[in-house]
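So the chains spell out like this:
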Amino acid sequence: MTVMSETVARPFEQPAAVRSQVTVPLRFPDGFAATAEIMTFHGLADGKEHLLLALGEWEQTLLDQGPEGAAPLVRLHSECLTGDVFGSERCDCGPQLREAVEEIAAVGGFLLYLRQEGRGIGLYSKLDAYALQDTGLDTYEANVALGRGEDERDYSAAAQMLGALGAGRIRLLTNNPDKVGQLTALGVDVSEQVPTGVHLSEANHRYLAAKRSHTAHTIELPEEVLPAVMPTAAAVAVPTHDELLARVDALVPRLRERASETEEIRRIPDATMAELKAAGVFQMLAPKAVGGFGMGLETYVEVVRRLARGCVSTAWSVGHLVEHVWMLARWPREAQDEVFANGPAPLAAATGAPPGKAERAPGGFIISGRWSFASGVMHSEWALLAVQHGEIRLQCLVPVSDLDLLDVWHTAGLRGTGSNDLRTENLFVPAHRALEWNLLAAADNPGSRIHPDPNIHLPMATFLNMVAPAAALGAAEHAIEVFRDLMMVRKVKQTTQARQADSPLAQARFSQAFGQVATARLHWQEAVRVVAASYGRRPVAFTDGERAQYRLSLGLSGGASADAVRLILTGSGGSVHRLTHPLQRIQRDVNVLLNHASLTMDPILEQAGRGLLDLGFSIPAEQF
């Protein structure tokens, strides 16, 4: 239990300690009675007077909390004066408190009574929010209208309290996935989420419906009490990681068949787009509340990598279109209601090179500019455009139909991405479709206050740097596969071997190329590991060393992928440079990928060196 306690307390400089303990008999209005050991604490992170009520055979549950034992049942209950004391029916807090005491007393465990009135905004503000709810806002919208977060609760003190008792493994009594996520991130092993009952009344049905729709609470409600608090999403079966990858693998042969067509028409063919949509690829990062899959970084980058084994241009465009759905889910509610109105995967291009100009106008901004490299724009309804307003960098959300699309994407590689330019002059953008870049890019972005999906709580740079290395790796893996097949049948001129594979020098070249692909894969996997490890933090953040590590690994992965492709092309003969051969296309695509900022090694090596040596970056961290 000591080790578990240290694990829980690790995020804090000093662990909490029990300050006092007193026995208090409890009796509820319906006659139910129980006895609690109420504990107070020293050293809680927020300095508030939180309480822990130990109920039932709680000491035995601490002894039994190993992998095979029954962990203590725990409820995190936020103080609610109106519900707990006065029996308000506008929420379900009073009945939940009563239920929790009985459930925990029966099996042994803890009720943590946390001083977080109104999801952390305070009693007066909560009552102000009630008044706004009477005008039609839901409980979350009312908090935001007051200038507060939708949910400002932080469960760090709760983790400390559990740590002080050695409760490192628990069963959590809750319908709220955010409580599970925060405790897990703080080192508490939540072995089971135990749902509470549904305490529905005429006065609280909109409140409960909002909790279910906004923050994915596990609440079963009759359909007639479920207002459209988010754009209505049809029930969707969320595939597993492996199921989605199997769908993508099934597309790869057809991507290879259409690779020449993709280059010729300089965009993804309609048949491919239809297959990608049918597979659910574009909604993999979309929040579950809007009908998406809410998947994580590991699935996303693996999909890009596997698509690149079929067509690098397709992988590049799809990777960015998927990423931009995720970016849209980071916006405030009004913008989200607009873009997700027609489904869970609105397609948008995004570009900031160079940023346009914005001037303040009544109700919004007037923007002008010409933006390059709008990957995916040929399939997009929306465009996310970077603009500069004085010293502030904004991103503006604009219908593509309001912009001039300039057909300029005539390139040596990645020809099928259709990354054309966009232009506009004096276009009005309403205020709800303009957002400060720093706010959008942060882990604590507006969408993170709406959606509990872990991926929305990541800094935006974690995904932005992932597409090019994943596409380069997938391309190199396809190239080594083609090279193997070629060596087994190709007769090399001016040699005595019947096939290239019989040549010792060719064998050495193949093994060298194979090793470079393996090197690229290992560097890539290391970068993904470093980024994925941040999921367990709240808020998500990277040290300079971690950022340097994963950016360096991504750069080295791209370089090794390119080296493998060069080795393969040099040893494959002149015929592979015919435009009908896949290897020449792979080489051209990878050469263009290497010029993307996420794989340009000179600045990566410089900044990574500074980060690894703890010298501090010479550019803003969010730009690296």
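We now turn to the structure provided with this report. For clarity, every value in this text was computed on a predicted model and none was experimentally measured.

On to the packing of helix H20 (residues 504-532) against helix H21 (residues 544-570). In the contact formed by H20 and H21, the axes pass within 8 Å of each other and the chain directions differ by 160 degrees. The angle between the axes of H20 and H21 places the two elements in the roughly antiparallel class. In this structure, H20 crosses over H21, and the sense of that crossing is left-handed. Residues that form the contact of H20 with H21 fall into these classes: 14 nonpolar, 9 polar and 5 charged.

It is worth spelling out helix H6 (residues 123-133) at this point. Every buried residue belonging to H6 is among Ser125, Lys126, Ala129, Tyr130 and Gln133, and all of these are buried. Looking straight down H6, one finds that the buried residues subtend no more than 155 degrees of arc, so they occupy a single side.

With that out of the way, let us pick up the sheet that holds strand S8 (residues 348-361). Ordered in space as S12-S13-S9-S8-S10-S11-S14, the 7 strands form an open sheet in which the pairing is mixed. Strand pairing shows two members of the sheet lacking a second neighbour, strand S12 (404-406) and strand S14 (434-436), which therefore form its edges. If you compare each strand with its neighbour and ignore which way they point, the axes differ by 25 degrees on average. As paired strands, strand S9 (residues 364-374) and strand S13 (residues 420-430) are joined by 8 bridges and run antiparallel to one another. Residue pairing across strands places Gly364 opposite Pro430, the latter belonging to S13. Across the sheet, helix H15 (residues 312-328) is in contact with S8, strand S10 (382-389) and strand S11 (392-399); its angle to S8 comes to roughly 35 degrees.

One finds Val281, Met284, Tyr300 and Leu593 to be the most contacted residues of the largest nonpolar core, which totals 97 residues. In terms of residues, this core owes the most to one element, helix H19 (residues 467-487), which gives 14 residues. Here Met284 is in contact with Leu244, Phe293, Gly294, Met295, Thr299, Tyr300, Val303 and Val322, once residues within four sequence places are set aside. Within the second largest apolar cluster, 28 residues are counted, among which are Ala16, Met39, Leu162 and Val180.

On to unusual backbone geometry. The peptide bond linking Ala353 to Pro354 adopts the cis configuration, its omega dihedral lying at -15 degrees. Assignment of secondary structure puts Pro354 in strand S8. Residues other than glycine seldom take positive phi values, yet Asn426 does so here, at roughly 55 degrees. Mapped onto the elements, Asn426 comes out in strand S13. On the accessibility criterion, Asn426 (59% relative accessible area) is exposed.

Parameters at a glance
Residues numbered from 1 in each chain as written. Predicted model: local features only at pLDDT ≥ 70, side-chain atom pairs only at ≥ 80, totals over all residues. Heavy atoms only, no water. Axes fitted to C-alpha atoms, helices over the stretch in contact; angles between N-to-C directions. Helix = DSSP H or I, 4+ residues; strand = E, 2+ residues; numbered from the N terminus. Parallel < 35°, antiparallel > 145°, perpendicular 65-115°, else oblique. Left-handed = near helix turned anticlockwise from the far one by under 90°. Nonpolar A, V, L, I, M, F, W, Y, C, P; charged D, E, K, R; others polar. Buried < 20%, exposed > 50% of the residue type's maximum accessible area, 1.4 Å probe, protein only. Arc of directions from axis to C-beta. Pairing = 2+ DSSP bridges. Contact = heavy atoms within 4.5 Å. Core = buried A, V, L, I, M, F, W, Y, C linked by side-chain atoms within 4.5 Å.

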